[in-house]
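Report on the structure
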Amino acid sequence: MLKVNNLIVNYGHVKAVKNISFELNKGEIVSILGSNGAGKTSTLFGMMSIVKSSSNIEFKGKDISKYSSVQKVKEGLVLCPENRRVFPELSVEENLKMGSFIRGNYSKVIKDVYDLFPILKDRKRQAAGSLSGGEQQMLAVGRAMMGEPEVLMLDEPSLGLAPVITDDIFNVLKELKNSGVSILLVEQNALKSLRISDRAYILETGNIVAQGIAKDLLNDEKVKKAYLGI
Ligand code: ATP
């Protein structure tokens, strides 16, 4: 469904992503794993035209390489950014509304988001900045879902969260997959990501150094030791 070929992201002389290729099939959860500075965020930013990049991107058979960020969202690619990036002074519901800005389908979709995260409904009038880290992450995922993605991309949703909250978030990702959303999950938490993923790519200093079926990677002692710190 989504094929990213020869993605290159440079910041001046810093080569953050060095000609990588990967794909996501419909209904899959695919992880891109790697440590700090591996190039994970740059990969997502390059894909979504947030930073300058060179690539060939095919989505549902269409060449979208030259599309702007907004056009890519309209096609069904939505990014849930690192560090939640909620609007702290806006209420929970106002934050969700921002996520439907491009689609304008607010009243219909918000019901689904509240079903997914009932806590957001309970707190809909509360300022987003007053939520806990886990609740803010739920809000960030909910806001991305308001854009009605076919492909949901998440940048380190487990960052700074207690293990039990990470489990809640990852369980929601599994639910979303079951409802037909394809997921590209960028994470440092290799173990938890691989457990919910179909396939994974391992990124190191801008290169893909290993890839495969998630279960196989989880059982590969060499890969686990060399790249995953498991
Ligand atoms: P993290 O987990 O810390 O977010 P990451 O895997 O997402 O790491 P990137 O943020 O994509 O990695 O960074 C990849 C490389 O590009 C790093 O060496 C980083 O220092 C560099 N980099 C990222 N953004 C910029 C920028 N705006 N200008 C210059 N270099 C940058």
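No experiment lies behind these values; they were computed from the predicted model shown.

Moving on: the packing of aromatic side chains. Applying the stated criterion to the full structure yields one aromatic pair. The positively charged end of Lys97 is found above the aromatic ring belonging to Tyr106, 4.9 Å away from the centroid.

Take Asn95: it is sitting in helix α3 (residues 92–99). At 3.4 Å, the side chain of Asn95 forms a polar contact with the backbone oxygen of Leu90. Leave out the neighbours within four places in its chain, and Asn95 touches Val86, Phe87, Leu90, Ala128, Leu139 and Arg143.

Turning next to the layout of surface pockets. Where empty space is left becomes clear once a probe the size of a water molecule has been rolled over the atoms. In this structure, the largest pocket spans a volume of roughly 670 Å³. In terms of lining, the largest pocket is formed by 24 residues, of which the most central are Val73, Val78, Leu79, Pro81 and Arg143. In terms of residue class, the lining of the largest pocket is made up of 15 nonpolar, five polar and four charged.

Turning our eyes to something else, we now look at the site of the ligand. Surrounding the ligand, one finds 14 residues, the nearest of these being Asn36, Gly37, Lys40, Thr41 and Ser42. Interatomic distance of 2.8 Å between a side-chain N/O atom of Asn36 and an oxygen atom of the ligand. Those elements that place two or more of their residues in the shell around the ligand are β2 (14–24) and α1 (40–47). It is α1 that provides the largest number of residues to the shell around the ligand, a total of three residues.

Definitions and cut-offs
Residues numbered from 1 in each chain as written. Predicted model: local features only at pLDDT ≥ 70, side-chain atom pairs only at ≥ 80, totals over all residues. Heavy atoms only, no water. Phe/Tyr/Trp six-rings, centres within 6.5 Å; stacked < 30°, edge-to-face > 60°. Lys NZ or Arg CZ within 6 Å of the ring centre and 35° of its normal. Helix = DSSP H or I, 4+ residues; strand = E, 2+ residues; numbered from the N terminus. Polar contact = N/O pair within 3.5 Å; in protein donor to acceptor, adjacent residues only side chain to side chain. Contact = heavy atoms within 4.5 Å. 1 Å grid on protein atoms, 1.4 Å probe; cavity = no way out; pocket = protein on both sides within 12 Å on 5 of 7 lines; lining within 4 Å. Points joined across faces, edges and corners; volume = space filled by probe spheres on them. Nonpolar A, V, L, I, M, F, W, Y, C, P; charged D, E, K, R; others polar. Near = heavy atom within 4 Å.

From the geometry alone we can't say anything about function, so treat these as descriptive.
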